Each structure stands twice: as structure tokens, then as C-alpha cells.
Amino acid sequence: MSKIRKIIEAWFEAFARLIYRNRIKTLLVMILFTVLTTSQVPRIVMDMSAEGMLHEDDPAYIAYQSFREQFGRDEAIIIALKPENVFDKKFLLSLKNLHEKIEENVPYIDEITSLINARDTRGDGDELIVEDLFENWPETEEEILAIKERALSNHMYKNLLISENGTFTTILILIDSYSSNKHEGDILDEFDDNITISEDDKNSVKEEREFLSHAEKIKAINKISEIVNNYRSNRFPVYLAGSPVLENYLKETIVDDMVQFTILAIITIAMFLFIMFRRISGVILPLFIVILSLMATFGLMAMFNVPVTVTTQILPSFLLAVGVGASVHILAIFYYRFRHTNDKEDAIVYSLGHSGLPVVMTSITTAGGLLSFATSSLESIGELGIFSSIGIFIALANTLVLLPSLLALIPIKNTKSEKTRKKTTFIDGFLASISKFSTSHPVAILLASAIIVGISGLYASKIRFSHNPLSWFPEDNYVRVSTQKIDQELRGSITLEVIVDTGKENGLFDPDILKRLEKAEKYAESLQVDDIFGGKAWSLTAILKEINQALNENRPEYYTIPDDPELIAQEFLLFENSGSDDLEDVVDTQFSKARLSIKVPWEDAIKYEIFLNNIDSYFKKQFPKADICVTGMMSILLRTVSNSIISMAHSYIIAIFVISILMILLIGRVRIGLFSMIPNLAPIVIMLGIVGGTNMPMDLSLMIVGCIAMGLAVDDTIHFMHNFRRYYEQTGDPVIAVHKTLDTTGRAMLVTTTVLSLGFFIYGFATLSSLVNFGILTGVTIIMALLADYFLAPALMVLINRKKTVKLREHEKQVSQEVSNVIQIRKSKIETQHNKHQGGL
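Residues numbered from 1 in each chain as written. Predicted model: local features only at pLDDT ≥ 70, side-chain atom pairs only at ≥ 80, totals over all residues. Heavy atoms only, no water.

**Concerning the sheet that holds strand E2 (residues 109-113)**
Taking strand neighbours across the sheet as the criterion, the four strands line up as E2-E5-E1-E6 in an open arrangement whose pairing is antiparallel. Two strands in the sheet have a free side with no partner beyond their single neighbour: E2 and strand E6 (238-241). Shown here is a sheet whose adjacent strand axes are inclined to one another by a mean of 15 degrees, direction ignored. With four bridges joining them, strand E1 (residues 76-81) and E6 adopt antiparallel strand pairing. (Pairing = 2+ DSSP bridges. Helix = DSSP H or I, 4+ residues; strand = E, 2+ residues; numbered from the N terminus. Axes fitted to C-alpha atoms, helices over the stretch in contact; angles between N-to-C directions.)

Here you go:
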């Protein structure tokens, strides 16, 4: 294996010489690639939606999109108001004013509902009247009291438009499902009235329309927030909640944090680069390389229409921290060689020959660890794995190609200050002490490590999985406070949706099915599993019972479902003829599919598993001949976390397998390659132990820490093992090889670990707690990985590598010399061919 390694190192030297002698051409080619990719960056978009995390072929995604196509959005924006008296005349005028202001000024609104325009169904003799609750504005207190009595007795209003105790009222806003300015009905209205439109034709119209874009939805939400902020007063509190509002706040927070953390990461990296190299070029060149790589990566994301999501938003800080590591290793050797030879070409050639192979291997292993995400059943995590790997390879290409060409072109002084020598001496002493301790007490180090890993494994078994975006916000955050208040006072802020498909046209005229729906509503409202409860449930049965009561002299005892299918059909026809289109929200045009909505609180998605299973099993038992589909926002969130748990398990296994194979190939021996994985896996187990021991929620952000940390931790292990094998072959003594390895590579390992960990510790200042936990945990894991490479890896190498005899060392030197001769002959041939080529030009 040492022969192959030397041949590869010789190839890197020849490659570096080629770049040096064609530096201008190389620079132009790299600039062209960078311009082509970075020009796409302005097209990048953001998507913080829950359904945006799933693949388009995921059954949960398909079911949710099918629901949206049929019934529109389920994600209501809720404005909750708590005046001293909901039915005070002044407050009602304020409510009307706010309702109209939103209706007139907010784009992309599909429907807005409040007490002002709430459906009021009543009978007048044989006539069915369906109008707004405030169709005629009350002028006297008696008229207001009459409206109040009708509102408080209306079953549909309770916990939807007004709280049970009558102290809270709401405005519910549904954003358009489609981005077209025309609604489906408007498009169909363009056909001649005498032409019959088939269901297939209607479906084809739907397919031609696109769903409302994320940017359009954000525009509507921002306008609502602006109007609501202007209406807040000391007289009564105003709360704004709903999943669209939460998504919007999530997006704004992430954008702000991304900008701040990118700037902080650049400043932090610049400081440590200057401390390490004491050169302006040592600061500017690595940052220039990694920023270009980052921009190119985002350009490719925009080119392939991949949005920035909750998971991919870590890419800027991640690539800044990771990408600079390769440049540090190349520059460290370049400056070292340049100080001694004062020959720039020789220094470039030597640095790539010395560090080119380990830099490539570290990039491959890091990318390999991240590519394990590509198989994830969550699209956003798969995109993180793919584009973080692409970013790493772009940074690698820039490090091996663009960096040498820039070094060849820019003027660099050969300076060596006394202060640098003193700092180097201190670091040398520090690393020498670590080397001496780790090689002197290998058994004790292994035993201590085994005990720590064992204890961590026990705590790791206590890990608690979680996915609750609301809990990521600060406790005093307006959206979080509003959501919790609405959950408390109005029994829920989001909905679960159950679709009952009878498979028969007019199947919902069957009284038995409708009564089963009514019974299912009562079951949902009575169901409670721990903190999860059904706050309110409704379907087309509510409309039918309102109609039946109205047509029977408005008597409360007739708020029931009729037993006659023909009467049911007639009552629905009367309702449609009244001018109301509310049936479209709860049933399809053929009366074969019914929508039942269940209002629930915003809680951890994991808690909903039993609740959703109970709902699903009950409906399937209650409607054995119908197709049942449970969907909605919380169903999507549960699907997300369930998929992520399975995907992360697969990703960890794939990452361990891929990195193990690469380590074996690099080292050249299966036994040592497998042993070298111990310093990489131990920090991951300890990290999982910290999560379980501190009761930290294992959410989507923390699930990806292991694979990311493993991919990063293996970088230092590769540099350690690569140099250890080199010095072990030279000396035949594992103790001396460890000393030399830490003396030469230990410093770069320390700097890269410092830069990487600080790049992640920056997330400690994030607004979202999930990012805080992610940053701190990843930073700690990277530091533990360095300690494993400083102590555990040397201890393992001393125990599994014997000290070689003089005779064996002489034989290996002879073989090494023969390999060197072959390499030298190849170098001479390359030089001759290059000179001939230059002469021909």
C-alpha cells in the first residue's frame, strides 16, 4: 500500500507543477465555472412548510395534495381577540373594520370568516334563509342581544368563532390554494351556460393551475401581520396564530440568523487563520476559496430549483467551517516549505504532494457521511446530504486547483517572526506532552474510554424523540404565546382532516352514513390522549342539521339528521339554491366524499401517534365500506418525524460502512482500518449519551448531528493515520511515529477543530432552540473527536503496531528506495514531455 501511496503523492506533485506553469489558464477556467454557478444565486427560494420536507411520491404528501385540490387549504390563519365584552357595540364596529380591512387589502385570500359574516341559517315559513349573522347591522341593544343569543346557541360557532365562555372571538383566514388570479369557478363560468361540464373537464382545469407559491403566501401573511399590528391596543389583546404564521416566522428567523451566522463564521475563521499564519494571504485565500464554493453550491441549488429549508439552512456556516479545513492543511505545509526554500513552485508542489491525498480522502469521507442522507425518505434531508456533499467537492476542487494558481500569481513574502517561533514552541510542547501521555498509558486510556462510552450508551437508551417547531421559539415569542393561548381558550389552533370516500355518487344522502359521521364527530370531541384532545369536530352534518332545524320552525329539537334520503337531498338542494357555497368546503360535487375536520392543539408531533391511530382505526371500523384518509398539518408533521427516525438509522449505518471502507483503503490494512473507526465512533456514542442524559429532545436538527459529526471527525483521523503510517514506515517505532505525527499534523488538527467547533458554536446565539442545541452538540462532538485522535488513536496504534526489527526496517527501506526510483523516472518523463510541449508552443 505504501507503494501506491507514493505513486499517488508523485501524481499530486506533477499535477501541482502543471497548475503552477499554467496558472493563468487555470484561473480563467475556475472563474468561468464560478460565474456560471453564482449567477443563479438570486433565484434561490425558501420553503419552511411541513409538506415541503416530504418527497412528492410520499403517500402522506400525495394524500395531502389530493385533499388540497378537492377542498382547498386546511391551514387557517387565526386572529383571536379578547375584549371586555365581545358583543359591545364599539368592539363589534372594530371587529367589522378589521374584517373589512383584511378582506380589501390582503392578496390571495380564499375565505375570511368572523362573527361579522358567519353563516346564519334560519327558516321563515317555508323559506330557507342563509345569510350573514350581521347581514343587517344592529342599531339598538335589543338587536345586539338577539344576535348574541343566536351566536351563543349556534353549535358551529362554539370554539371556532367564539369561545365557550363567550370572552374570545376569532377571524379565520384561508389563503388561496392556487396562485391563479381566477378561481376555479371563474374559469368554468367562461363556458357557455348551455354546455355541460363533465367532472373530467373540471379536473383538467384544476391540473392546469399551479399551487400558490411560497412567496405569494408570505406576501399575504405579512400583510395580515401589518394590519393586525396596527389594531393592537391596550383595550384588548390580539393574538395571531396558525401554521402559516408559524412557517412565516420560522422563515424570517432563519433568514436573519443565516446572515448573522455567516458573518460571524467569516469573522471567527479570519481571526484564527491570522493567529495561525500571521499572514494576510493566509486569511484572504482560504476565505476566498470557501466563499466561492458556498456561492457556487447555492447557485446549483437555485439551478435545480432546490429551496432552502429548515435543514438546508445550516449549509452556509457548515461549508464555511468545513471548506476552510482543506485550505488550512495545504497552506500550513506551503508556508512551512516556503520559509525553508524560498521557492514558490517547490513549496506548491511539495504541499500538494504531502497533503493532497489526505485532503482528498477527508473530503470524500466527509461527503460520504453526508451522502448517507441522500437515501432519506425526507426530501429536505436528502437535499442537505446531496448539496452539502457537492459543496465539499467544489471546495476540494477550488483548494487543489484554484488555491495553487492563486499562490503562484500573488506576491508572498518569506517572513518568520520571533513571536511566531515562540507560539510554535508552546504548541509543540503542548502536543509533545499529549504524545508522551497517550503512548505511555495506552491501556489506561482504552479502559477509561470504554467506561465513558459504556455509560454514554446507557444514557443514549433514554433518548426522547420530538418534532415540535413551536417549542423552538423563545417562550415569550408572540407566535408561541398566541398559539398556546388559542389552544387553551378555543381548544385548538390547527386541524386534522379525515376524508370519508363512499365510492358512490350521492352516497352521502344515506342517513345511516350521515349518522355515523355525526357519531364520529362526537367520538373525536371526546377523545383525549395525554395532552392531545379533540377540541371540536364538524362536517356536512352540521349544515344538514341547521337546514332541518330551520325548515321546522327553527325548533331546537329538529337539529337532527332526517331519516329520509330524498328529504336529505332536497334540503341540500335548497341550501345550494340559497346562494351559499359552504357545502364546497365539506363535500365533493357528487356527494361521494365527505370531509370531517377535527380541531386539535399544537403539540409535539410524536404525541399524536396514538391519537391519530385511534382516529384512523375508529373511522375504518365505523365506515367499513368506505376509503378513509387521515391527513392535515399534524399528520404531515408526524409523518416527517417518523420518516426521519427511520432515515437517520439507515444513514448512520451507511455512513459507518462507507467511512470504514475508505479508512481501510487509505491505511491499506483491514485490521488497522477498522480499529481506526473507534476514535470516530466513540464521540458519536458520547454525543448520544449527552442527549439522553440531559433529556434534550432528539428533533430533526439533532438527528443529523451524528452523520455530520462523523464525517467531520474522520478528517482529523485520516490526517493522523496518514502521517502515522508514513513515520511508522520510516522509523519502525509506533511511539516515535506518534510523536512525529502530532508534532507535524497535530497543530493543523488543533486549528481545524477549533475553526470547525466555533463555526458550530456560533449557533448558540440562534433564536430557535433546535439550532442552539444542534450547534452546541455538534461543536462538542467535534472537540471530543479531536481528543479521541489525540489520546485514543495513539493508544490504539501503540498497542496494535509492534516495534520493527532492524532487519525488517532495512528490507522496507530497500523496497521504498526502489519505489522512489520508479517515481523519479516517471517524474523525469513528465518533465521532458512538458518541456517539449512548451518548446513546441
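**A look at helix H17 (residues 511-526)**
Helix length check: H17 (16 residues) gives 23 Å between terminal C-alpha atoms against 22 Å at 1.5 Å per residue, within 8%. Burial in H17 covers these residues: Pro511, Ile513, Leu514, Leu517, Glu518, Ala520, Glu521 and Ala524. By the N-cap criterion, in which a side-chain oxygen at the helix start approaches the backbone nitrogen of a residue two or three places on, H17 is capped by Asp510, the distance to Asp512 being 2.9 Å. (Expected span 1.5 Å × (residues − 1). Buried < 20%, exposed > 50% of the residue type's maximum accessible area, 1.4 Å probe, protein only. Polar contact = N/O pair within 3.5 Å; in protein donor to acceptor, adjacent residues only side chain to side chain.)

**Focus on unusual backbone geometry**
Although it is not a glycine, Asn305 sits at a positive phi angle of roughly 55 degrees. Secondary-structure assignment places Asn305 in the loop between helix H10 (281-303) and helix H11 (315-341). Here the phi dihedral of Glu553 falls at roughly 60 degrees; this positive angle occurs in a residue that is not glycine. Along the chain, Glu553 falls in the loop between helix H18 (540-550) and helix H19 (565-577). On the basis of relative accessible area, Glu553 is assigned to the exposed category, the value being 62%.

**Some points on the nonpolar core**
Of all hydrophobic cores here, the largest spans 259 residues; its most connected members are Ile79, Ile173, Phe619 and Ile708. Residue contributions to this core peak at 16 residues, all from helix H28 (residues 769-800). In contact with Ile708, not counting residues within four places along its chain, are Ile314, Phe318, Leu370, Phe373, Phe760, Phe774 and Thr778. (Core = buried A, V, L, I, M, F, W, Y, C linked by side-chain atoms within 4.5 Å. Contact = heavy atoms within 4.5 Å.)

**Overview of a nonpolar patch on the surface**
Judged by side-chain polarity, Val259, Ile263, Ile267 and Met271 come together as a nonpolar surface patch covering roughly 380 Å² of accessible area. Looking at the secondary structure, you find Val259 in helix H9 (residues 243-277). Judged by relative accessible area, which is 48%, Val259 ranks as partly exposed. (Patch = residues over 30% accessible without salt bridge, like charges linked within 9 Å, V, L, I, M, F, W, Y side chains within 5 Å. Areas by Shrake-Rupley, 256 points an atom, 1.4 Å probe, with all protein chains shown as cover. Salt bridge = Lys/Arg side-chain N within 4 Å of Asp/Glu carboxyl O.)

**Observations regarding the pattern of salt bridges**
Tallying each qualifying case throughout the model produces 21 salt bridges. A salt bridge links Asp120 to Arg150; the shortest N-O distance between them is 3.0 Å. With a gap of 30 residues between them, Asp120 in strand E3 (residues 119-124) and Arg150 in helix H5 (residues 141-153) connect regions that are remote in the sequence. Lys607 is the partner of Glu603 in a salt bridge, and the nearest nitrogen-oxygen pair spans 3.5 Å. A cluster of three or more residues bridged by salt bridges with shared partners is formed by Asp120, Arg122, Glu131 and Arg150.

**What to know about a negative patch on the surface**
A contiguous patch of negative charge on the surface is contributed by Glu84, Asp88, Glu139, Glu141, Glu142 and Glu143. In this structure, Glu141 sits in helix H5. (Lys, Arg positive; Asp, Glu negative; His and termini not counted. Charge placed at Lys NZ, Arg CZ, Asp CG, Glu CD.)

**Let's talk about the sheet that holds strand E8 (residues 494-501)**
Sheet architecture is open: four strands sit in the order E11-E12-E8-E13, paired in antiparallel fashion. Each edge of the sheet is formed by a strand with only one pairing partner; in this case those strands are strand E11 (536-538) and strand E13 (627-632). This sheet shows a mean twist of 15 degrees between the axes of neighbouring strands, independent of strand direction. Relative to E13, E8 runs antiparallel, the two sharing six bridges. Bridging across to E13, Leu496 finds its partner in Gly632. Sitting on the sheet, helix H20 (residues 608-622) touches E8, strand E12 (593-600) and E13, and the angle it makes with E13 is about 155 degrees.

**Description of the confidence of the model for the chain**
Looking at the chain, pLDDT values average 84 and 90% of them are 70 or higher. Overall, residues 417-424 carries pLDDT values under 50, and its contacts beyond four positions in sequence, including any with other chains, amount to six contacts. (pLDDT = per-residue confidence, 0-100.)

**Details of H28**
The first and last C-alpha atoms of H28 sit 43 Å apart over 32 residues, in line with the 46 Å expected at 1.5 Å per residue. Along H28, the sharpest change in direction is near 40 degrees and occurs at Ala788. Burial within H28 is extensive, with 25 of its 32 residues counted as buried. (Bend = angle between axes of the 7 residues up to and from the residue.)

**A look at empty space enclosed by the protein**
One pass over the structure, following the stated rule, counts four cavities of 30 Å³ or more. By volume, the largest cavity amounts to about 230 Å³. What lines the largest cavity is a set of 23 residues, and nearest its centre among them are Val322, Gly325, Ala326, Thr362 and Asp715. Listed by contribution, the elements that provide at least two residues to the lining of the largest cavity are H11, helix H12 (344-371), helix H13 (379-409), helix H25 (705-731), helix H27 (746-761) and H28. At six residues, the largest contribution of residues to the lining of the largest cavity is made by H11. By residue class, the composition of the lining of the largest cavity is 12 nonpolar, nine polar and two charged. Estimates place the volume of the second largest cavity at around 120 Å³. In terms of lining, the second largest cavity is formed by 14 residues, of which the most central are Met48, Ala50, Leu250, Pro469 and Leu637. Of all elements in the fold, only H9 and helix H21 (633-667) reach the threshold of two or more residues within the lining of the second largest cavity. (1 Å grid on protein atoms, 1.4 Å probe; cavity = no way out; pocket = protein on both sides within 12 Å on 5 of 7 lines; lining within 4 Å. Points joined across faces, edges and corners; volume = space filled by probe spheres on them. Nonpolar A, V, L, I, M, F, W, Y, C, P; charged D, E, K, R; others polar.)

**Let's talk about the packing of aromatic side chains**
Taken as a whole and assessed by the stated rule, the structure comprises 23 aromatic pairs. With 4.9 Å between their ring centres and 40 degrees between their planes, Phe509 and Phe591 make a pair best called tilted. Residue Phe509 is located in the loop between E8 and H17, and its partner Phe591 is located in the loop between H19 and E12; the two are separated by 82 residues in the primary sequence. Taken individually, Phe509 and Phe591 each receive the classification buried, so the pair is uniform in this respect. Considering the side-chain rings of Tyr523 and Tyr618, the 4.0 Å spacing of their centres and the 5 degrees angle between planes classify their relative orientation as stacked. Of this pair, Tyr523 sits in helix H17 while Tyr618 sits in helix H20, and the two are 95 residues apart along the sequence. The class of Tyr618 is buried, set by a relative accessible area of 16%. Here the aromatic cluster, defined as three or more aromatic residues joined through ring pairs, consists of Phe261, Phe760, Tyr763 and Phe774. Looking at Lys96, its charged tip hangs above the ring of Trp137, at a distance of 4.7 Å from the centre. Over the face of the ring belonging to Tyr350 we find Arg337, whose NZ or CZ atom lies 4.2 Å from the ring centre. (Phe/Tyr/Trp six-rings, centres within 6.5 Å; stacked < 30°, edge-to-face > 60°. Lys NZ or Arg CZ within 6 Å of the ring centre and 35° of its normal.)

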